[in-house]
Amino acid sequence: MREKTNPDFVEAVARGFDVVRSFDGAPSQSLSEVARRTGLARPTARRLLITLQELGYVAAKDGRFELTPRVLELGVAYFSGGDLWEAAMPRLRQLVERTHESSSIAQLDGSDVVYVARVAVPKLVTLSASVGTRFPAAQTSLGKVLLASLTGDELGEVLEQPSRSGIVPSWQPDRSELDEVLAEVRQQGWAISDQQLAPAIRSVAAPVRRSDGTVLAAMNVNAHAAETSLETLRDQHLPHLLQAAADLGVDVALRARVPAATA
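Residue numbers restart at each chain and count upward from 1, following the sequence in its written direction. Side-chain atom pairs in this predicted model are given and counted only at pLDDT of 80 or more, local residue features only at pLDDT of at least 70, and totals for whole chains, interfaces and linings cover all residues. Each side-chain value is worked out from all heavy atoms of the structure, with water and hydrogens disregarded.

(A) Representation of helix α3 (residues 42–55) within the structure. Along its 14 residues, α3 runs 20 Å from first to last C-alpha, staying within 8% of the 20 Å computed at 1.5 Å per residue. Residues of α3 that are buried: Thr44, Ala45, Leu48, Leu49 and Leu52. All buried residues of α3 fall inside an arc of 130 degrees around its axis, so they share one side. Along α3, the residues that are exposed and aim more than 90 degrees away from the buried face are Arg47 and Glu54. Counting from the N terminus, the helices are the DSSP runs of H or I reaching at least four residues and the strands are the DSSP runs of E reaching at least two. Phi turns positive one or two residues past the end of α3, at glycine 56, with a value near 90 degrees. Expected helix span is given by 1.5 Å per residue-to-residue step, counting one fewer step than there are residues. Think of it in three bands: with a 1.4 Å probe and only protein chains considered, a residue is buried below 20% of the maximum accessible area for its type, exposed above 50%, and partly exposed in between. The directions from the helix axis to the C-beta atoms are what the arc is built from.

This is how it looks when you write it as structure tokens:
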């Protein structure tokens with residue numbers, strides 16, 4: 001049973017999303033498999049599947065269930081807001097051309113970062129990532145930048161939420177240690193992570209700011225430790241990253257000033 005802190009929390013809606021998420025890594029499932037993966041009783045899982053089927057989000061065939069393309073609509077509202085992250089791709093590609101390393105943009109979701117845009121290059125890989133991938137925030141350069149932008153109360157609320165990434169990171173800081181790291185990030189305006197998420201992964205990140213100075217997202221350059229040194233990240237790639245993040249911030253400000261097209 002999940003912990004609910006809001007009296008208006010609707011458990012049925014949460015269970016419905018649990019069912020949808022249960023198809024991650026399992027394109028087709030039986031009723032028993034859905035019940036097992038969600039921890040729901042079979043009758044409850046069955047009612048939710050039938051409801052999702054009636055709504056067009058689930059299809060049933062030969063006693064098995066699978067998601068339909070309509071599920072994509074659930075994310076369209078987020079990504080269709082002026083197609084911001086699609087518009088950010090040229091900045092990412094330009095950064096990748098200059099650094100020859102992968103680059104991503106992420107936002108906070110609870111205590112995790114979630115990738116909203118990414119351009120990858122063929123490199124040694126220890127953890128695969130794509131749009132929608134989530135990682136624990138505190139152990140990533142992206143997350144440090146985003147956490148550093150929060151007020152003390154906001155940070156406390158975020159850190160109280162358990163990660164939903166399924167990853168156990170290498171670095172497990174206590175609150176005082178994390179506060180020291182975030183204070184340094186605020187002072188210098190960027191963050192670095194050296195194998196704190198997983199062995200061999202290191203990265204540097206910078207904030208993408210709105211016109212009022214608030215942090216909208218974070219952009220990074222990530223590399224494999226066997227190929228790229230910390231000095232290379234900091235001395236060679238960071239200047240390009242800071243410029244790309246600043247340029248994207250200008251793009252965001254300009255887009256905010258353009259009236260939305262009307263039909």
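(B) View of the sheet that holds strand β8 (residues 201–209). What makes two strands pair is DSSP finding at least two bridges between them. With respect to topology, six strands assemble into an open sheet ordered β6-β5-β4-β9-β8-β7, the strand pairing being antiparallel. Of all strands in the sheet, those bounded by a partner on one side alone are β6 (134–136) and β7 (191–194). Shown here is a sheet whose adjacent strand axes are inclined to one another by a mean of 30 degrees, direction ignored. Note that strand β5 (residues 112–119) and β6 share three bridges and pair antiparallel. Paired with valine 113 across the bridge in β6 is phenylalanine 135. Its contacts with the sheet put helix α7 (residues 141–148) on β4 (102–109), β5, β7, β8 and β9 (215–224), and the angle it makes with β9 is roughly 155 degrees. Axis geometry follows a simple rule: fit a line to the C-alpha atoms, using only the stretch in contact for helices, then measure angles between N-to-C directions, giving values from 0 to 180 degrees. Contacts are assigned to residue pairs with any non-hydrogen atoms lying within 4.5 Å of each other.

(C) Representation of the side chain of asparagine 220 in the model. You can see asparagine 220 is positioned in strand β9. The buried category is assigned to asparagine 220, whose relative accessible area is 2%. As used in this structure description, the phrase polar contact means that two N or O atoms lie within 3.5 Å; if the pair is within protein, one of them must be able to donate a hydrogen and the other to accept it, and residues adjacent in sequence are counted only when both atoms belong to side chains. Within polar-contact distance, the side chain of asparagine 220 engages the backbone nitrogen of serine 104 at 2.9 Å. Leaving out residues up to four positions away in the same chain, asparagine 220 has contacts with Leu95, Ser102, Ser103, Ser104, Tyr115, Ser141, Leu142, Ser203, Val204, Ala205 and Leu241.

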